[in-house]
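# Analysis of the macromolecular model
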Amino acid sequence: MSDKDKLAQLHLGLVHACCKRFSGKGIEYEELYAAGCLGLTKAINNFDDSRGLQFSTYAFPVIMGEIKRLFRDGGSVRVSRSLRELSLKINRLNNENELKNGTEMTVSQLSKILNVSPEEVAEAMNSARPALSLTADYDEDGNPQTDVPTPDIQDEISERLSLEAAINALPQNDREIIRLRYYQCKTQVQTAKALNMTQVQVSRREKKILGFIREKMVI
């Protein structure tokens, strides 16, 4: 299993946590989960660890963005034409190889034959797969039952990651106000003194910051 595959497996719980925030809002869970997995794939492909961010912090807004796109696009995960065509080519090659050798081709083999990157192959393969839960049960016929509950702890994880992403989007001075007020429990007067501001300025700015954070944490 590649490092990217391992990273994906480790963060499927984050996808479920994001999906649960939108459960019951008019789109089936399987659709939400498919969009979330697409977001996770994009996050894995674009993540740059040199920026000093934890992967989950980077991936959360990307996953949420793909899920929110569902609501803007009317509830369907849209796959580009080129990705669909690549998926069909992959399926054809895999079917031919399975008939000839009894196995499917590896991502590396497909990448060389189709002259595309391994990441593109993986994304095309994922786009053609139905959304499945790792914790799904199976019926007597071996069919997966994917409508499963998510542990309550995911709500807390989701909220914390959402808050962290919103705070990271703030300008440096605004982040400092939040750090002093809510992480070090400083008063507005103490915060104003530390930042060379007046108490009134801190009060007004804090109100705007909290409004921004609330907006970022909802759809």
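As the structure is a computational prediction, the values presented were derived from the model and not from experiment.

Calculation criteria
Positions within a chain are numbered from 1, following the residues in the order the chain's sequence is written. Local features in this predicted model are restricted to residues whose pLDDT is 70 or higher, and side-chain atom pairs enter the listing and the counts only when it is 80 or higher, whereas totals over whole chains, interfaces and linings include all residues. Hydrogens are left out, water is left out, and the side-chain values use all remaining heavy atoms of the structure. In this description a helix means any DSSP run of H or I spanning at least four residues, a strand means any run of E spanning at least two, and both kinds are numbered starting from the N terminus. Whether a residue is buried, partly exposed or exposed follows from its accessible area with a 1.4 Å probe, protein chains only, as a fraction of its type maximum: under 20%, in between, or over 50%, in that order. The contact rule is simple, with two residues in contact once any of their heavy atoms fall within 4.5 Å. Working definition of accessibility: Shrake-Rupley area with a 1.4 Å probe, residue cover restricted to the visible protein chains. For salt bridges, the criterion is a side-chain nitrogen of Lys or Arg within 4 Å of an Asp or Glu carboxyl oxygen. Each residue carries a pLDDT score, the predictor's own confidence in it, on a scale running from 0 to 100. When two cysteine sulfur atoms are found within 2.5 Å, that pair is recorded as a disulfide. Working definition: a ring pair exists when centres of Phe, Tyr or Trp rings (six-membered ring for Trp) sit within 6.5 Å. Plane angles under 30 degrees give stacked, over 60 give edge-to-face, the rest tilted. Here, a charge over a ring means that NZ of Lys or CZ of Arg falls within 6 Å of the ring centre while also lying within 35 degrees of the ring normal.

This part takes up the overall build of the protein. Scanning the protein from terminus to terminus reveals 11 helices and 2 strands. The order of α-helices and β-strands along the protein, N terminus first, is α-α-α-α-α-α-α-β-β-α-α-α-α. By residue count, 35% of the 219 residues in the protein fall in the buried class. A fraction of 59% describes how many contacts in the protein between residues 6 or more apart in sequence connect residues 24 or more apart. Total accessible area computed for the protein in this model is approximately 13,900 Å², and 49% of it derives from carbon and sulfur atoms.

Moving on: the pattern of salt bridges. Scanning all chains against the criterion turns up 6 salt bridges. Linking Glu66 and Lys42 is a salt bridge whose minimum nitrogen-to-oxygen distance equals 2.8 Å. In this pair, Glu66 is assigned in helix H4 (residues 55-72) and Lys42 in helix H3 (residues 29-46), connecting sequence segments 24 residues apart. Between Glu176 and Arg179 there is a salt bridge whose closest N-O contact spans 2.2 Å. One end of the pair, Glu176, and the other, Arg179, are both in helix H9 (residues 172-183), 3 residues apart, so they sit about a helical turn from each other. Through salt bridges with shared partners, a single network forms among Lys42, Glu66 and Arg69.

What follows covers the confidence of the model for the protein. For the protein, per-residue confidence averages 76 on the pLDDT scale, and residues scoring 70 or more make up 79% of the total. Averaged over each element, pLDDT in the protein is lowest for strand E1 (residues 137-138) (44) and highest for helix H10 (residues 188-194) (92). Here residues 130-153 scores under 50 on pLDDT; set against residues more than four positions off or in separate chains, the count is 31 contacts.

Taken as a whole and assessed by the stated rule, the structure comprises 0 disulfides. Considering cysteine sulfurs only, Cys19 is the nearest to Cys18, which forms no disulfide, with 6.9 Å between them.

Turning next to the packing of aromatic side chains. Enumeration over the complete set of coordinates arrives at 2 aromatic pairs. The interplanar angle of 85° and the centroid separation of 5.2 Å between the aromatic rings of Phe47 and Phe55 together place this pair among those described as edge-to-face. Classification of Phe47 by relative accessible area gives partly exposed; the value is 24%. Among the residues examined, Phe55 registers a relative accessible area of 8% and is labelled buried. Summarising the aromatic geometry, the rings of Phe47 and Tyr58 are spaced 5.6 Å apart at their centres and angled 50° between planes, so their arrangement reads as tilted. With Phe47 in the loop between H3 and H4 and Tyr58 in helix H4, the pair connects residues that are 11 residues apart, well separated along the chain. With a relative accessible area of 17%, Tyr58 lands in the buried category. Through a chain of ring-to-ring contacts, three or more aromatic side chains come together here, namely Phe47, Phe55 and Tyr58. Of note, Arg181 hangs over the ring of Tyr182, and the distance from its end group to the ring centre comes to 5.6 Å.

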